[in-house]
Amino acid sequence: AQSVTQLDSQVPVFEEAPVELRCNYSSSVSVYLFWYVQYPNQGLQLLLKYLSGSTLVKGINGFEAEFNKSQTSFHLRKPSVHISDTAEYFCAVSGLGQGGSEKLVFGKGTKLTVNP
Amino acid sequence: DTGVSQDPRHKITKRGQNVTFRCDPISEHNRLYWYRQTLGQGPEFLTYFQNEAQLEKSRLLSDRFSAERPKGSFSTLEIQRTEQGDSAMYLCASSPGRYLKPTHSYEQYFGPGTRLTVT
């Protein structure tokens, strides 16, 4: 079974400041890792994913994340945020080698608020 | 590619009533998922279809919940005898599956959700 911990429930930052949203996971098998963004009253949009290969992955809207296997972390970063980045961000894992649904297990989310 | 669509977007019902939600996945996606999201929480897996076969159900899916995907295209989620605890956002997602699109098989594309309020 997998679990995801998002260490910060809310992160307020000023516009053009850098931001890091933290995610740690636990799993008894190898995993794929994802970050999704959810704007108010909308579904989830995939920001980026780590499947294999380079541990630094780049996604949409200038976001990137780094997979650290030894620390079981997958933190999301952006060097300079915009007001439009205000949203809720979810980290998710999917277990490998189990066949079946490959369902996503989500963290509780981090609400990012970008202030002018 | 029109994306995943869900209907209705909002549903208000009285306790004890039955409700049914519909999800239309991206065409040719053979995998379809239902998740439930309550306030302040991340989505939680409910059930999964590969084509028309329901292959996995979460223990969250009580006997009052039933899901179908009769022709391997759209899916319905029915809740019987709704309770106030059923109030949540119900999200549907689809993915292409490893044979259709191996490099994207693990990507799930989400619909806008159906927000259920049970009064």
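Values in this document were obtained by computation on a predicted structure and should not be read as measured data.

## As for the overall build of chain A
Then, number 1: Along chain A, the regular secondary structure elements total 0 helices and 12 strands.
Then, number 2: Secondary structure elements of chain A, listed N to C terminal, follow the sequence β-β-β-β-β-β-β-β-β-β-β-β.
Then, number 3: On C-alpha atoms alone, chain A measures out to a radius of gyration of 14 Å, which is about the 13 Å that the 2.2 N^0.38 rule sets for 116 residues.
Then, number 4: Each of the 116 residues in chain A was classed as buried or not, and the buried ones make up 44%.
Then, number 5: Sequence separation of at least 24 residues holds for 57% of the intrachain contacts in chain A that already meet a minimum separation of 6.

## A closer look at the state of the cysteines
Then, number 1: By the definition in use, this model includes 2 disulfides over all chains.
Then, number 2: What pairs with A:C23 in a disulfide is A:C91, and their sulfur atoms sit 2.0 Å apart. Sign of the S-S torsion, about -65 degrees for the bond between A:C23 and A:C91, identifies this disulfide as left-handed. Of this pair, A:C23 sits in strand β4 (residues 23-27) while A:C91 sits in strand β10 (residues 87-95), and the two are 68 residues apart along the sequence.
Then, number 3: Owing to a relative accessible area of 0%, A:C91 belongs among the buried residues under this scheme.
Then, number 4: Two residues share a disulfide in this structure: B:C23 and B:C92, whose sulfurs sit 1.8 Å from each other. Taking the sign of the S-S torsion, about -65 degrees here, the bridge from B:C23 to B:C92 comes out left-handed. Taken together, the residues B:C23 in strand β3 (residues 19-24) and B:C92 in strand β9 (residues 88-95) connect sequence positions 69 residues apart.

## Observations concerning the environment of A:H82
Residue and element names in this part refer to chain A.
Then, number 1: Tracing the backbone through its elements, the reader meets H82 in the loop between β9 (73-78) and β10.
Then, number 2: H82 sits in the partly exposed class, given a relative accessible area of 41%.
Then, number 3: With 26 residues separating them in the primary sequence, H82 and K108 have C-alpha atoms 23 Å apart.
Then, number 4: Once you skip the residues sitting within four places of it in the chain, H82 turns out to touch E15 and V114.

## Here we look at the pattern of salt bridges
Then, number 1: The full count for this structure, using the stated rule, is 11 salt bridges over all chains.
Then, number 2: Where A:K78 meets A:D85, a salt bridge forms, and the shortest distance between an N and an O atom there is 2.8 Å. No difference in accessibility class separates A:K78 from A:D85, as the two residues are buried.
Then, number 3: The salt bridge involving B:D86 is made with B:R64; its shortest N-O contact spans 2.8 Å.

## Observations concerning the environment of B:Y35
Then, number 1: Assignment of secondary structure puts B:Y35 in strand β4 (residues 31-37).
Then, number 2: Taking the C-alpha atoms as reference, B:Y35 lies 9.7 Å from B:F110; in sequence the two are 75 residues apart.

## Focus on the side chain of A:Q38
Then, number 1: In this structure, A:Q38 sits in strand β5 (residues 31-38).
Then, number 2: Separated by 2.9 Å, the side chain of A:Q38 and the backbone oxygen of A:Q42 make a polar contact.
Then, number 3: Among all residues touching A:Q38, those that are not within four sequence positions of it are A:G43, A:L44, A:A87, A:E88, A:F90 and B:Q37.

Calculation criteria
Residues numbered from 1 in each chain as written. Chains lettered and ligands numbered in written order. Predicted model: local features only at pLDDT ≥ 70, side-chain atom pairs only at ≥ 80, totals over all residues. Heavy atoms only, no water. Helix = DSSP H or I, 4+ residues; strand = E, 2+ residues; numbered from the N terminus. Rg over C-alpha atoms; globule rule 2.2 N^0.38 Å. Buried < 20%, exposed > 50% of the residue type's maximum accessible area, 1.4 Å probe, protein only. Contact = heavy atoms within 4.5 Å. Disulfide = S-S within 2.5 Å. Salt bridge = Lys/Arg side-chain N within 4 Å of Asp/Glu carboxyl O. Polar contact = N/O pair within 3.5 Å; in protein donor to acceptor, adjacent residues only side chain to side chain.

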